[in-house]
Amino acid sequence: MAAHQEKKPSEERKHKNTQNHTRTSQVQWGRAWEVDWFSLASILFLLMFAPLIVYYFIMSCDQYQCSLIDPVIDLLTEKKHLSDIWNKTPTLTYRAAGIYTLWVAFQVFLYVFIPDFCHKFIPGYVGGVQEGAVTPVGVVNKYEINGLQAWIITHVLWFANAYYFHWFSPTIIFDNWIPLLWCANILGYAVSTFATIKSYFFPTNAKDCKFTGNFFYDYMMGIEFNPRIGKWFDFKLFFNGRPGIVAWTLINLSYAAKQQELYGEVTNSMILVNVLQGIYVLDFFWNEAWYLKTIDICHDHFGWYLGWGDCVWLPYLYTLQGLYLVYHPVQLCAANAIGILILGMIGYYIFRTTNHQKDLFRRTNGNCKIWGKKPEYIECSYMSVDGTKYYSKLLTSGFWGWARHFNYTGDLMGSLAYCLACGFEHILPYFYIFYMTILLTHRCIRDEHRCFSKYGKDWKRYTAAVPYRLLPGIF
Ligand code: NDP
């Protein structure tokens, strides 16, 4: 069955409460209604500079062998001008536009027109039609979970091409990387702008829209909660998963193929990056039904942050290690390679086990075993917009008794392993661990703020029972 963390409203213990004060308090959970100056400044900064950051990283590999410092030195010493760098940058090409259009159209086709068949023959896999969590207005959306199938079909075709059909070179992604960047940006901006216009004129569910009154905040963080076209084309599920995450492993394979072409071999560091990130991606699709209950789908609205982020930020910056290794092929000694593999696998084990413990606990409503024992938890309650009271539970045993976000800790250990595989010559491959640390620390704070608004004093009881966020005894 589906990975339900919340029961359906019809099944859940609920209680109608129409008092004004409860209506007012419940409206606070979910994405912010008011924008403070710091959030606004951060958003303006990201809107202006995030595309430039991505360009800078990719350009520095293309023109400066992945050195982040050399372009700055060249500009400061006037050895080069901005126009020199820009003029050397590959432009948008018809070929890249064709590849990208075909890629996105193929993923839309797989998402919309091929209902999941994997769950019919893969034991333990949860696919097909599944339900998401209760939204702030009490809606439970249905989703077609067929990401694993899309990933498998895409990769089978990739290998069939590489080893049998030879329609295109497996280095095609690397060879068109900057022209494809322009295509990804066009899609990212188009989809975010469309989602904004849609939320004003034809929202899927008007009650789940949030307008702060600040256009930039709304554009970035999204207005509609779950924008859809038709019954099944869900923007968040599609853009989060398909063009970006299905591509992640293909991009890495393309980098490995490029290493083979350039140096006649694929280094063990490239294999490590492909394997560790491949496990992470496959885990995402194996657990796509669980993903419906994560913050991205459950709490974030769909705007530029998710739309552009999924099209550009994720495929370009999450794959920097593989790109770096094309320019700097690192052959690790056996001890280092094994050490990195162990770190990555322990990180993955913590990440997966922690997420699984919460999923199992919520799905069985606490009727399960965590580390062989009955789970310990805190009972809590919250309200939806219509004044309906819901009951929920917060797990305080297993990894959830060690820290409030130990799944993030595991994720960070895995992220560090990818970076370490690249050695210590350059800082560029370490961007990922810096970024993930900031992202997940910010996420802890954002999530806890939302949970406090949602659960009130029950959340305080929980934080008293589990006082640390990421590292027991430290933070
Ligand atoms: P979580 O899976 O930790 O979900 C947080 C939610 O779980 C809370 O909002 C709350 O929701 C519920 N919850 C919190 N504490 C408890 C508890 N003790 N018991 C039961 N339920 C609890 O966070 P994310 O959705 O952010 O992350 C999911 C995974 O995805 C993580 O492993 C993370 O590392 C990974 N991730 C990876 C990213 C990447 O870019 N690679 C980006 C973001 C996440 P409720 O309202 O239901 O109570």
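If you look the chain up in an unreviewed UniProt entry, it shows as 7-dehydrocholesterol reductase from Ciccaba nigrolineata. Recorded in UniProt for the chain, the comment headed Sequence similarities (unreviewed entry) runs: "Belongs to the ERG4/ERG24 family." Quoted verbatim from the Subcellular location (unreviewed entry) field of the UniProt record, the comment on the chain reads "Endoplasmic reticulum membrane".

**Student:** Which residues make up the state of the cysteines, and what values go with them?
**Tutor:** Formally, a disulfide is one covalent bond, and it connects the sulfur atom of one cysteine to the sulfur atom of another. Inspection of every chain in the model, using the stated rule, returns one disulfide. The residue that forms a disulfide with Cys61 is Cys66, at a sulfur-sulfur distance of 2.3 Å. Taking the sign of the torsion about the S-S bond as the criterion, the disulfide between Cys61 and Cys66, at about 110°, is right-handed. Like Cys61, the residue Cys66 is buried in the burial classification. With no disulfide of its own, Cys368 lies closest to Cys380 among cysteine sulfurs, the gap being 15 Å. What makes Cys368 buried here is its relative accessible area of 12%. Free cysteine Cys422: the closest other cysteine sulfur is in Cys419, separated by 6.9 Å.

**Student:** Explain the packing of aromatic side chains to me, using residue names and the numbers behind them.
**Tutor:** With the rule as written, the count across this model stands at 57 aromatic pairs. Pairing Phe215 with Tyr219 gives two aromatic rings, centres 6.0 Å apart and planes at 20°, and the pair type is stacked. In this pair, Phe215 and Tyr219 both sit in helix H10 (residues 215-221), four residues apart, roughly one turn of the helix. The partly exposed category is assigned to Phe215, whose relative accessible area is 45%. For the ring pair Tyr382 and Tyr390, a centre distance of 5.4 Å and an interplane angle of 20° mean the geometry is stacked. Residue Tyr382 shares its accessibility class with Tyr390, and that shared class is buried. Positioned over the ring face of Phe225 is Lys236, at 4.1 Å from the centre of the ring. In this structure, Lys454 packs its charged tip against the face of Tyr382, placed 4.1 Å from the ring centre.

Rules of the game
Residues numbered from 1 in each chain as written. Predicted model: local features only at pLDDT ≥ 70, side-chain atom pairs only at ≥ 80, totals over all residues. Heavy atoms only, no water. UniProt positions renumbered as here; feature names shortened; annotations may be inferred. Disulfide = S-S within 2.5 Å. Buried < 20%, exposed > 50% of the residue type's maximum accessible area, 1.4 Å probe, protein only. Phe/Tyr/Trp six-rings, centres within 6.5 Å; stacked < 30°, edge-to-face > 60°. Helix = DSSP H or I, 4+ residues; strand = E, 2+ residues; numbered from the N terminus. Lys NZ or Arg CZ within 6 Å of the ring centre and 35° of its normal.

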